[in-house]
Amino acid sequence: MATDQIAPLVADIYLLTALAETRSFTQTARRLGVSKASVSTRINALEKAVGLPLVRRTTRHVMLTEAGQNLVENAAPAFERIGAGFLAVKDLSDVPRGTVRLTAPVAFGRQHLAPVLPDFLRQYPEVRVDLELVDRLVNLAHEGFDLAIRHTDHPPETYIAWELCGSRSVLVASPEYLRVHGTPQHPRDLSHHACVTYLGNRSYETWSFVREGRRSSAAPIVIPIQTRFRANNSEVLRQAVLGGAGIGMLPDFSAVTSAPGGLVEVLPGWRVHGFFGGKLYALRPWSAHVPQSVKCLVEFLRDKYAQGF
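Residues numbered from 1 in each chain as written. Predicted model: local features only at pLDDT ≥ 70, side-chain atom pairs only at ≥ 80, totals over all residues. Heavy atoms only, no water.

Novice: Please give an account of helix H2 (residues 10-22) that cites residues and values.
Specialist: In a regular helix each residue adds 1.5 Å, so 13 residues correspond to 18 Å; H2 covers 19 Å between its end C-alpha atoms and thus fits that length. A positive phi of about 60° marks Arg-23, the residue just after H2. (Helix = DSSP H or I, 4+ residues; strand = E, 2+ residues; numbered from the N terminus. Expected span 1.5 Å × (residues − 1).)

Listed below in structure tokens is the structure:
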């Protein structure tokens, strides 16, 4: 088949590569900004042009046939090179522009991204930011995100990872709770207190501690706790602690509050071990070229959070 005959099918072939990543007509449609019906129609047209089935549909999954997989494996590297070449030429203007699709945890996004992003938009008027706040671990490549903010100790090796700042887990309580129930002096005292903790962490029944200043290899003290309230959002946990529900474990970026009376750090001489991640990163799936708009946003965030929380 001549190149001129293939040219009208290029967009449909790219659509097939996106479908190979998402394994979902719905996700592909959302990623490419088209309707689900359009995705199905275009795949059917491509199959008709090729003369072979390219996609195997079931009630739960979308799988590529051998022919579809072969087509994607040959076409995907070419699309990557085209994309990198286009972005490289686009960046020659030295003016950051375009859309950055950014995802971040809900609490961090509300508390720390939303207040600073207007400054970024004023600084780079030709850049648009689409921010999606979710607490699940988004698959960036499959869902078409350019960047993610993640709280972790070990960023994925297949990603580009920019460290934004250090972070730590802290124990906090309201002054009123401590007045009524007393202030723990040692981690073992926590077994007599109501505790507020993150829902989804691997352990609800124990917290682990290492005394500040001890080497990282020191064996932690494991303390059983009485969990009174759990939630999968640190902003919700902070409100519960402010309301006197108990002593809460929060990432430091959520422990900051302007509420009257504020929160009091509990056991400041101890470091919580193995709970929330120790650093905040901006992550991007590996690519040979990083758009200037993404670089500028990363540098902006690194500057804003350089001192941590």
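Novice: Account for the sheet that holds strand E7 (residues 169-173), naming residues and giving values.
Specialist: Taken in spatial order, the 5 strands of this open sheet run E11-E8-E12-E7-E13, and their pairing is mixed. Each edge of the open sheet is held by one strand with a lone partner, namely strand E11 (226-231) and strand E13 (264-266). Averaged over all adjacent pairs, the angle separating strand axes in this sheet is 40°, with direction ignored. Relative to E11, strand E8 (residues 194-198) runs parallel, the two being bridged by 5 bridges. Residue pairing across strands places Ala-194 opposite Gln-226, the latter belonging to E11. (Pairing = 2+ DSSP bridges. Axes fitted to C-alpha atoms, helices over the stretch in contact; angles between N-to-C directions.)

Novice: Explain the packing of H2 against helix H4 (residues 36-50) residue by residue, including any values.
Specialist: One can describe the packing of H2 onto H4 by two numbers: an axis separation of 9 Å at closest approach and a directional angle of 115°. Classified by the angle between their axes, H2 and H4 sit roughly perpendicular to one another. Regarding H2 and H4, the two cross each other, and that crossing is left-handed. Here Ala-11, Asp-12, Ile-13, Leu-15, Leu-16 and Leu-19 of H2 lie close against H4, whose contacting residues are Val-39, Arg-42, Ile-43 and Leu-46. When the residues that make up the contact of H2 with H4 are grouped by side-chain class, the tally is 8 nonpolar, no polar and 2 charged. (Parallel < 35°, antiparallel > 145°, perpendicular 65-115°, else oblique. Left-handed = near helix turned anticlockwise from the far one by under 90°. Contact = heavy atoms within 4.5 Å. Nonpolar A, V, L, I, M, F, W, Y, C, P; charged D, E, K, R; others polar.)

Novice: Describe the packing of aromatic side chains, and please don't skip the residues or the numbers.
Specialist: Tallied over the full model, the rule gives 9 aromatic pairs. Positioned above the aromatic ring of Phe-145, the side-chain terminus of Arg-101 is 4.1 Å from the ring centre. (Phe/Tyr/Trp six-rings, centres within 6.5 Å; stacked < 30°, edge-to-face > 60°. Lys NZ or Arg CZ within 6 Å of the ring centre and 35° of its normal.)

Novice: Summarise the nonpolar core; cite the residues concerned and give the values.
Specialist: Generally speaking, soluble globular proteins have nonpolar side chains that are buried together. By size, the foremost hydrophobic cluster in this structure holds 30 residues, and its most contacted members are Leu-171, Leu-190, Trp-207 and Phe-209. Those elements that provide at least two residues to this core are E7, helix H9 (175-181), E8, strand E9 (206-211), helix H10 (234-242), strand E12 (247-251) and strand E14 (270-272). Leaving out residues up to four positions away in the same chain, Phe-209 has contacts with Leu-171, Pro-187, Leu-190, Pro-220, Ile-221, Ile-223, Leu-267, Trp-270, Arg-271, Val-272 and His-273. Val-100, Leu-117, Phe-253 and Leu-301 belong to the second largest nonpolar core, which has 28 residues in total. (Core = buried A, V, L, I, M, F, W, Y, C linked by side-chain atoms within 4.5 Å. Buried < 20%, exposed > 50% of the residue type's maximum accessible area, 1.4 Å probe, protein only.)

Novice: How would you explain the sheet that holds strand E10 (residues 221-224) if you had to name every residue and give the values?
Specialist: If you trace the 3 strands from one edge of the open sheet to the other, you get E10-E9-E14, paired in antiparallel fashion. Each edge of the sheet is formed by a strand with only one pairing partner; in this case those strands are E10 and E14. For this sheet, the mean inter-axis angle between neighbouring strands, taken without regard to orientation, is 40°. Across 4 bridges, E9 lies against E10 in antiparallel orientation. Bridging across to E10, Trp-207 finds its partner in Ile-223.

Novice: How would you summarise the environment of Leu-263 if you had to cite specific residues and measurements?
Specialist: Inspection of the secondary structure puts Leu-263 in the loop between helix H11 (252-255) and E13. Its relative accessible area of 18% is what places Leu-263 among the buried residues. Residues Leu-263 and Ala-173, 90 residues apart in the sequence, show an inter-C-alpha distance of 5.5 Å. With near-sequence residues (within four places) excluded, Leu-263 lies in contact with Val-172, Ala-173, Ser-174, Arg-238, Val-241, Leu-242, Leu-250, Ala-255 and Thr-257.

Novice: Provide a residue-level description of the environment of Arg-110, including the pertinent values.
Specialist: Tracing the backbone through its elements, the reader meets Arg-110 in helix H6 (residues 106-113). Placed 12 residues apart in sequence, Arg-110 and Gly-98 show a C-alpha to C-alpha distance of 23 Å.

Novice: Residue-level account of unusual backbone geometry, with values.
Specialist: Even without glycine at this site, Arg-23 takes up a positive phi of about 60°. Among the structural elements, Arg-23 can be located in the loop between H2 and helix H3 (25-32). Of the residues examined, Arg-23 reaches a relative accessible area of 34% and is grouped as partly exposed. One non-glycine residue with positive phi stands out, namely Leu-267, at about 55°. Relative to the elements of secondary structure, Leu-267 occurs in the loop between E13 and E14. Among the residues examined, Leu-267 registers a relative accessible area of 6% and is labelled buried.

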